[in-house]
Amino acid sequence: MQFKPLANTGILVPEICLGTMTFGEQNTQAEAFEQLDYALAQGINFWDTAEMYPVPPKPETQGATEVIIGQWIAQRGGRDKLF
């Protein structure tokens, strides 16, 4: 995995970012956990989230991506190593 500096922070992030827009809509929590585990095992600790995820946005699933990632972090730990 190749890393690049994040602006002028001194933090290095991987060139590849994991997009999480399908978590909570097209992917179940179990599938999302598998993807997060796999990404981290490959050195990808830079994850893309947005307030509109999951896509397509719906009132009943708004925020599901953040909930899933939060539950993953609660089970696995390591929040300080994720961006």
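Computed from a predicted model, the values in this text were never measured in an experiment.

1. Re the overall build of the protein
Scanning the protein for helices and strands turns up 2 helices and 4 strands. Going residue by residue from the N terminus, the α and β elements of the protein occur as β-β-β-α-β-α. Relative to its length of 83 residues, the protein is compact, with a C-alpha radius of gyration of 13 Å against a globular reference of 12 Å. Seen through its principal axes, the protein has C-alpha atoms that stretch 40 × 25 × 20 Å. For the protein, with 83 residues in total, the buried portion stands at 29%. Sequence-distant contacts, at least 24 apart, represent 61% of the contacts inside the protein between residues at least 6 apart. Accessible surface, the protein: about 5200 Å² in total, of which carbon and sulfur atoms supply 57%. Each charge class in the protein can be summarised by its mean position, and for the 5 positive and 10 negative side chains these summaries are 7 Å apart.

2. Observations regarding the nonpolar core
With 13 residues, the main nonpolar core has Leu18, Phe23, Leu36, Trp47, Ile69 and Trp72 as its most contacted residues. In this structure, Trp47 is in contact with Cys17, Leu18, Thr20, Leu36, Ala39, Ile69, Trp72, Leu82 and Phe83, ignoring residues within four places of it in sequence.

Definitions and limits used
Residues numbered from 1 in each chain as written. Predicted model: local features only at pLDDT ≥ 70, side-chain atom pairs only at ≥ 80, totals over all residues. Heavy atoms only, no water. Helix = DSSP H or I, 4+ residues; strand = E, 2+ residues; numbered from the N terminus. Rg over C-alpha atoms; globule rule 2.2 N^0.38 Å. Buried < 20%, exposed > 50% of the residue type's maximum accessible area, 1.4 Å probe, protein only. Contact = heavy atoms within 4.5 Å. Areas by Shrake-Rupley, 256 points an atom, 1.4 Å probe, with all protein chains shown as cover. Lys, Arg positive; Asp, Glu negative; His and termini not counted. Charge placed at Lys NZ, Arg CZ, Asp CG, Glu CD. Core = buried A, V, L, I, M, F, W, Y, C linked by side-chain atoms within 4.5 Å.

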